[in-house]
Amino acid sequence: MAEITLIEAVTQAMAYEMRRDPSVIVLGEDVGVNGGVFRATAGLHAQFGSERVLDTPLDETTIAGLAVGMAFQGMKPIAESQFDGFIYPMMDHIICHAARMRSRTRGRLHCPMVLRAPCGGGIRAPEHHSEAPEALFAHIPGLRVVIPSSPARAYGLLLAAIRDPDPVIFFEPKRIYRQYKEEVPDDGEALPLDVCFVLRDGHDVTLVTWGAHVKETLEAAEQLAERGVSAEVIDLATIKPIDFDTIRESVKKTGRCVIVHEAARTAGIGAEIAAQLAEKSMFDLVAPVERVTGYDVPIPLFRLEMKYLPSVERIIAAVDRTLAYR
Amino acid sequence: MKSWLDVAADVRRSVTLKKSRRSIYTRAGAWHDAPSIGQEAASVGSIATLRPEDLIIHHHRGHAIHTIAKGANLTTMMAEFLGKEPGYCRGRGGSMHIADIPGGNLGATGVVGGGIPTAVGIALALQMRRSDRILLSYFGDGATNEGEFHESLNMASTWKLPVVFLCDNNQYGMSMNVSKVMNIAHISERAASYGIPGQSVDGNDVLAVYEAVLAADERARSGQGPSLIDLMSYRWRGHSKSDRNLYRTPQEIDEWKHKCPIRRFKQVLVDGGVMTRDEVEDIDQAAKTAIDRAAEEALTFPEPSPENMEAEVYAP
């Protein structure tokens, strides 16, 4: 079995589901012959033709609207936003129509669509190519927000997203698109949505993260282990709705929680997790919850970019602050 | 061309629309109401061209005019307006977002122009499925200044989708007269940008609307692509019930009331010997009775329950 990158796993999942289900359609800017700006749809046009791999005009708002209309007719559109920073014109249709249609019609219409977008910084690109807007979508009732952190999870979670009867915003951490390869069997097996993945067991501190920062967080856990500190690492994976049960169970064991995300700090997902822990796990905590996040600034250009993104050192420093409490 | 008798049946629907705008909202405590009195011929004349399996997607002022014209059950419709559990959307859509899915009414939207891209997506799905159904996409004059209007007509014309774009032009985007916000005489001129036919029609003449839309339907159904039809009419009432009509004169409103599309069509029927004056007035009375009965019944229906408020946000 061949080892593949995260972006190849994305392509593999779409191809699998397009073979299995004729109602699955890929649409977006340059997704056809060109194979997408990051090559996520490479080869799909050759396999499935122009009708199922649909090149649209340069027109984000209506790409989202098209997907909504197609979904109303029982198709399963996978729309691509070329970059995270180009997703904002799509939000009107995602929020006002895709997210609300099931509730508005009490289930008589629903919207089985996926909006895929690369997300996050770290590729030395301008701000519109480096954003982490997951919290904006997570705030919206009716949406699912999913961010994979490995090739295998990208494959399994994207299959689950396409099969889900409700709209899913699927953010792909572009910094790790080609960071490493792993074996991903093309067996059509979806992973569950709405649950976290515990990537490393530990008993001193719980580290919660997602997407590209799973890598730095696991590295931090490794370095902490060398010092005798046992960190549990949780990959959130589904950002909305959050699997708080797994996080609370872990905190019951560790008494400490550090949340790591690259999006800006204020009203980020870390704030929601901290609030939930304050509400429901107050007496399990021995230390204040720590957040290691991006800063409340637009993501800076490449010379300062790595200063903005949470680093292994910042994660370890935050863990050390929690360890000061006994 | 539709026979006189077929069209005569439509007068019942037009009258019913008008009667539906009584004081029901105030009585039931519903806040919002975007009235459409005076614009009945545009919806009745256009929807009359459809086959039963064809689809519509409409706008915030279409809750009654398009919903009734597409054949809604009046009681279920009234129940939805009043937010009652037996309504078309179990009281969660309301007047602004009523949809009758089995009836081919895929819903209204409260976002001006917001339904147009959805309509293009639906039409794209119909084309991909090799369906011979078509879709009428309704929006107001204000929506044609939104970017989505242009994006959507560009896509639909490029791909020759089975959709007809119908502008319910009532001449005002809330308080703004259409002549002050576009540098062209007729909205239909915009069709030239997309290489599709554009036509401005007297939207108060139900037969003229019918003829124009039927031709556009045939074009859409035969794979030649969309058309843009500007159905020029007028809204007698304010944008909503809070509107004090500060932006237009009572004389202007009166002039348009004299162009009432329903009275005009009744006269055509009587003059043409299709119906007697008494028969026409009987329809009027029957419509009033039907609406009253639907409203009274809907008022007795159960309220939605807060216990299941979180249900149906996601699939169960």
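Basis of the calculations
Position labels on residues start from 1 in each chain and follow its written sequence. Working convention: letters from A go to chains and numbers from 1 go to ligands, in the order in which they are written. For a predicted model such as this one, the threshold for reporting local features is a pLDDT of at least 70, and the threshold for listing and counting side-chain atom pairs is 80 or more; totals across whole chains, interfaces and linings nevertheless cover every residue. Processing note: side-chain calculations cover all non-hydrogen atoms of the structure and skip hydrogens and water entirely. Numbering of helices and strands runs from the N terminus; a helix is a DSSP stretch of H or I covering at least four residues, while a strand is a stretch of E covering at least two. A 1.4 Å probe rolled over the protein chains alone gives each residue an accessible area, and that area as a share of the maximum for its type sets the label: buried under 20%, exposed over 50%, partly exposed in between. Residues count as neighbours in contact if any of their non-hydrogen atoms are within 4.5 Å of one another. Per-residue and other accessible areas were derived by the Shrake-Rupley procedure at a 1.4 Å probe size, with only the shown protein chains allowed to occlude residues. Note on ring pairs: Phe, Tyr and Trp rings are taken, using the six-membered ring of Trp, and paired if centres are within 6.5 Å. Classes follow the plane angle, with under 30 degrees stacked, over 60 edge-to-face and the rest tilted. For a Lys NZ or an Arg CZ to count as sitting over a ring, it must be within 6 Å of the ring centre and within 35 degrees of the ring normal. When DSSP finds at least two bridges between two strands, those strands are taken to pair. Here an angle of 0 to 180 degrees is reported between the N-to-C directions of two axes, which are lines fitted to C-alpha atoms, with helices fitted over the stretch in contact. Once two parts are put together, the accessible area they lose, assessed with a 1.4 Å probe and summed over both, is termed the buried area. For salt bridges, the criterion is a side-chain nitrogen of Lys or Arg within 4 Å of an Asp or Glu carboxyl oxygen. N or O atoms closer than or at 3.5 Å make up a polar contact, with two conditions inside protein: a donor-capable atom paired with an acceptor-capable one, and, for residues adjacent in sequence, both atoms drawn from side chains. Domain start and end points were adopted from an automatic or database domain assignment.

Enquirer: What is the right way to look at the overall build of chain B in this model?
Expert: Looking only at helices and strands, chain B features 11 helices and seven strands. Burial statistics for chain B: of 316 residues in total, 58% are counted as buried. Within chain B, counting contacts between residues at least 6 apart in sequence, those at least 24 apart form 73% of the total. Per element, the accessible surface of chain B, about 12800 Å² overall, is 52% carbon and sulfur.

Enquirer: It is not clear to me how the packing of aromatic side chains should be interpreted in this structure. Could you clarify?
Expert: Geometry of an aromatic ring pair is reported as the spacing of the ring centres plus the angle between the planes. Evaluation of the coordinates by the stated rule reveals 10 aromatic pairs over all chains. Measuring from ring centre to ring centre gives 5.2 Å for B:Tyr172 and B:Tyr247, while their planes differ by 50 degrees; the resulting arrangement is tilted. With a gap of 75 residues between them, B:Tyr172 in strand β4 (residues 172-173) and B:Tyr247 in the loop between β7 (228-232) and α9 (250-257) connect regions that are remote in the sequence. Among the aromatic side chains, those forming a connected cluster through ring pairs are A:Phe38, A:Phe83, A:Phe86 and A:Tyr177. Over the face of the ring belonging to A:Phe197 we find A:Arg153, whose NZ or CZ atom lies 5.9 Å from the ring centre. Against the face of B:Tyr172 rests B:Arg248, its NZ or CZ located 5.4 Å from the ring centre.

Enquirer: Looking at this model, I keep getting lost on the sheet that holds strand β2 (residues 135-140) of chain B. Mind explaining?
Expert: Where strands meet in a sheet, backbone hydrogen bonds hold them as pairs that are either parallel or antiparallel. Residues and elements named next belong to chain B. Read from one edge of the open sheet, five strands run β1-β2-β3-β7-β6, paired in parallel fashion. Lying at the two open borders of the sheet, with one neighbouring strand each, are β1 (55-57) and β6 (198-202). Strand-to-strand, the axes of this sheet are offset by a mean angle of 20 degrees, without reference to chain direction. With six bridges joining them, β2 and strand β3 (residues 163-169) adopt parallel strand pairing. Across the sheet, residue Gly 140 finds its bridge partner in β3, namely Asp 168.

Enquirer: How do you make sense of helix α4 (residues 91-98) of chain A when you look at a structure like this?
Expert: The periodicity of an α-helix, 3.6 residues per turn, causes residues three or four places apart in sequence to face the same way. Burial analysis of α4(A) places seven of its eight residues in the buried class, the great majority of the element. Of all the residues in α4(A), the buried ones are A:Met91, A:His93, A:Ile94, A:Ile95, A:Cys96, A:His97 and A:Ala98.

Enquirer: What should I look at first to understand the interface of chain B and chain A in this one?
Expert: Where interface size is given, it is often the accessible area lost as the parts come together that is meant. On the side of chain A, 40 residues touch chain B, which itself brings 39 residues to the contact. Both faces combined, the contact of chain B with chain A buries some 3300 Å², and carbon together with sulfur accounts for 62% of it. By the criterion of area lost to chain A, the three top residues of chain B are B:Met128, B:Glu312 and B:Tyr314, representing 20% of everything that side buries. Of the charged contacts, one joins B:Glu312 and A:Arg102 as a salt bridge, the two residues approaching to 3.9 Å between their closest N and O atoms. Counting the contacts that link chain B with chain A gives 13 residue pairs in polar contact (both at pLDDT 80 or more). Residue assignment for the side of chain B that touches chain A shows that the elements contributing at least two residues are α6 (115-128) and α7 (147-158) of chain B. Here the side of chain B that touches chain A takes nine residues from α6(B), the largest share from any one element.

Enquirer: Whenever I open this one, the domain arrangement of chain A confuses me. Can you help?
Expert: Residue and element names in this part refer to chain A. Here the domain parsing of chain A yields domain 1 (3-183) and domain 2 (197-323). Look at where the C-alpha atoms of domain 1 and domain 2 centre, and you get two points 26 Å apart. Each side of the interface is counted separately: domain 1 has 29 residues, and domain 2 has 26 residues. By the criterion of area lost to domain 2, the three top residues of domain 1 are Arg 124, Arg 153 and Arg 175, representing 25% of everything that side buries. Run the count over domain 1 and domain 2 and you get two salt bridges. On the surface where domain 1 and domain 2 come into contact, there are 13 residue pairs in polar contact (both at pLDDT 80 or more). Elements supplying a minimum of two residues to the side of domain 1 that touches domain 2: α6 (134-138), β6 (144-146) and α7 (151-163).

Enquirer: Can you walk me through the environment of B:Glu85 in this structure?
Expert: Residue and element names in this part refer to chain B. Along the chain, the position of Glu 85 falls in the loop between α5 (74-81) and α6. In this structure, the C-alpha to C-alpha distance between Glu 85 and His 60, residues 25 residues apart in sequence, is 21 Å. Dropping the residues within four chain positions of it, Glu 85 is found in contact with Arg 90, Gly 91, Arg 92, Pro 302, Glu 303, Pro 304 and Ser 305. Here the side chain of Glu 85 touches Arg 90 through a polar contact of 2.6 Å, side chain to side chain.

Enquirer: Mind showing me how you'd approach the sheet that holds strand β10 (residues 205-209) of chain A here?
Expert: All names here are of chain A. Strand order across the open sheet formed by five strands is β9-β11-β10-β13-β14, with mixed pairing between neighbours. A strand with exactly one partner marks an edge of an open sheet, and here the two such strands are β9 (197-200) and β14 (290-293). Ignoring which end each strand starts from, the neighbouring axes of this sheet average 25 degrees apart. Relative to β14, strand β13 (residues 257-261) runs parallel, the two sharing four bridges. Across the sheet, residue His 261 finds its bridge partner in β14, namely Thr 293. In this fold helix α10 (residues 269-280) packs onto β10, β13 and β14, with an angle of close to 160 degrees to the strand it touches most, β13. This element, helix α12 (residues 312-323), spans β10, β13 and β14 of the sheet and lies at about 170 degrees to β14.

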